[in-house]
Amino acid sequence: MKHYPQELKDRLTARMLAPHNESVAELAHETQVPKDTLYGWRAAALGRVNPVPSQAPATALSSDDKFAVVLEVARLNEHELGEYCRTKGLFVQQVQTWRERCTAANAAGPSRAEQGQAREQAREIRQLRTALQRKDQALAEAAALLLLQKKVRALWDEDAAPASTSRSASK
């Protein structure tokens, strides 16, 4: 196990905490210190070296636990929600995401007719895109041909001009 100087630990811990709140992944990439080590330093700085089960990381929460959190915070205002999240070791954005997922879970899905219509629209969009791409290519080809035609005419006019002046001079 590698040991790091206390000064480095303190400096990186300060960068991970407020007001800087730099991400652990960025610091790990920048300093080549493993992410797990940085997470441990941050937890120690926050006083959560051995979290109690009620303060387990949000990723360890089951679906039922997340739903219970959503139910608990349903009537809380913004300030109370922030306080609740701080005590539970959660982020407000996590709870809001869980609330949105719970709401979406009970929303009615699209009917078969709507699904068929969506598939038909997607097929039509693909056809229109391929037609547009074909037409763009044809337009680019036509523009190139016109440009070449102008260049050829310009070359023929240059070749024709000296020949006509030399004929008129010989007469």
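Residues numbered from 1 in each chain as written. Predicted model: local features only at pLDDT ≥ 70, side-chain atom pairs only at ≥ 80, totals over all residues. Heavy atoms only, no water.

Side note on the side chain of threonine 13
So, point 1. Positionally, threonine 13 belongs in helix 1 (residues 6-16).
So, point 2. Apart from the residues lying within four places of it in its own chain, the contact partners of threonine 13 are Trp41 and Ala45. (Helix = DSSP H or I, 4+ residues; strand = E, 2+ residues; numbered from the N terminus. Contact = heavy atoms within 4.5 Å.)

Here's the deal with the pattern of salt bridges
So, point 1. Under the criterion given, the structure shown has 4 salt bridges.
So, point 2. Among the salt bridges present, the one from arginine 123 reaches glutamate 120, with a minimum N-O distance of 2.2 Å. Of this pair, arginine 123 and glutamate 120 both sit in helix 7 (residues 112-170), 3 residues apart, which is roughly one turn of the helix.
So, point 3. Via salt bridges that share partners, Arg15, Glu22 and Glu30 belong to a single interconnected network. (Salt bridge = Lys/Arg side-chain N within 4 Å of Asp/Glu carboxyl O.)

Points about the packing of helix 4 (residues 63-73) against helix 6 (residues 92-105)
So, point 1. Contact geometry of helix 4 with helix 6 gives a least axis separation of 9 Å together with a crossing angle of 100 degrees. Relative to helix 6, the element helix 4 lies roughly perpendicular. Across the interface between the two elements, Lys66, Phe67, Val69, Val70 and Val73 of helix 4 pack against Val95, Trp98, Arg99 and Cys102 of helix 6.
So, point 2. Its residues assigned to classes, the contact of helix 4 with helix 6 shows 7 nonpolar, no polar and 2 charged. (Axes fitted to C-alpha atoms, helices over the stretch in contact; angles between N-to-C directions. Parallel < 35°, antiparallel > 145°, perpendicular 65-115°, else oblique. Nonpolar A, V, L, I, M, F, W, Y, C, P; charged D, E, K, R; others polar.)

Examining unusual backbone geometry
So, point 1. Of note, the phi angle at asparagine 21 is positive, near 50 degrees, even though the residue is not glycine.
So, point 2. Position of asparagine 21 relative to the elements: it lies in the loop between helix 1 and helix 2 (24-31).
So, point 3. Of note, the phi angle at glutamine 32 is positive, near 65 degrees, even though the residue is not glycine.
So, point 4. Here glutamine 32 shows up in the loop between helix 2 and helix 3 (35-45).
So, point 5. With relative accessibility at 62%, the residue glutamine 32 sits in the exposed group. (Buried < 20%, exposed > 50% of the residue type's maximum accessible area, 1.4 Å probe, protein only.)

A look at the environment of lysine 88
So, point 1. For lysine 88, the location among the structural elements is in helix 5 (residues 78-88).
So, point 2. Looking at lysine 88, the relative accessible area reads 29%, which means it is partly exposed.
So, point 3. Taking the C-alpha atoms as reference points, lysine 88 and valine 69, 19 residues apart in sequence, are found 9.7 Å from one another.

Remarks on the confidence of the model for the protein
So, point 1. Averaged over the protein, the pLDDT score is 84; the fraction of residues at 70 or greater is 87%.
So, point 2. The least confident element of the protein is helix 7, whose mean pLDDT is 87; the most confident is helix 2, at 91.
So, point 3. Within the model, the stretch residues 50-56 combines pLDDT values under 50 with 4 contacts to residues more than four positions away or in other chains. (pLDDT = per-residue confidence, 0-100.)

Observations regarding the environment of glycine 82
So, point 1. Within the secondary structure, glycine 82 is located in helix 5.
So, point 2. Sequence spacing of glycine 82 and valine 92 is 10 residues, and the spatial spacing of their C-alpha atoms is 6.4 Å.

Observations concerning the side chain of arginine 15
So, point 1. Of note, arginine 15 is situated in helix 1.
So, point 2. Take arginine 15: its relative accessible area is 18%, and that puts it in the buried class.
So, point 3. A polar contact is formed between the side chain of arginine 15 and the side chain of glutamate 22, at a distance of 2.9 Å.
So, point 4. Setting aside anything within four residues of it in sequence, one finds arginine 15 in contact with His20, Asn21, Glu22, Leu27 and Glu30. (Polar contact = N/O pair within 3.5 Å; in protein donor to acceptor, adjacent residues only side chain to side chain.)

Considerations on the packing of aromatic side chains
So, point 1. According to the stated counting rule, one finds 1 aromatic pair in the structure shown.
So, point 2. Consider the rings of tyrosine 4 and tryptophan 41, whose centres lie 5.5 Å apart with planes at 85 degrees: the pair is edge-to-face. Separated by 37 residues along the polypeptide, tyrosine 4 in the segment before helix 1 and tryptophan 41 in helix 3 bring together distant segments of the chain. Just as tyrosine 4 is buried, tryptophan 41 falls in that class too. (Phe/Tyr/Trp six-rings, centres within 6.5 Å; stacked < 30°, edge-to-face > 60°.)

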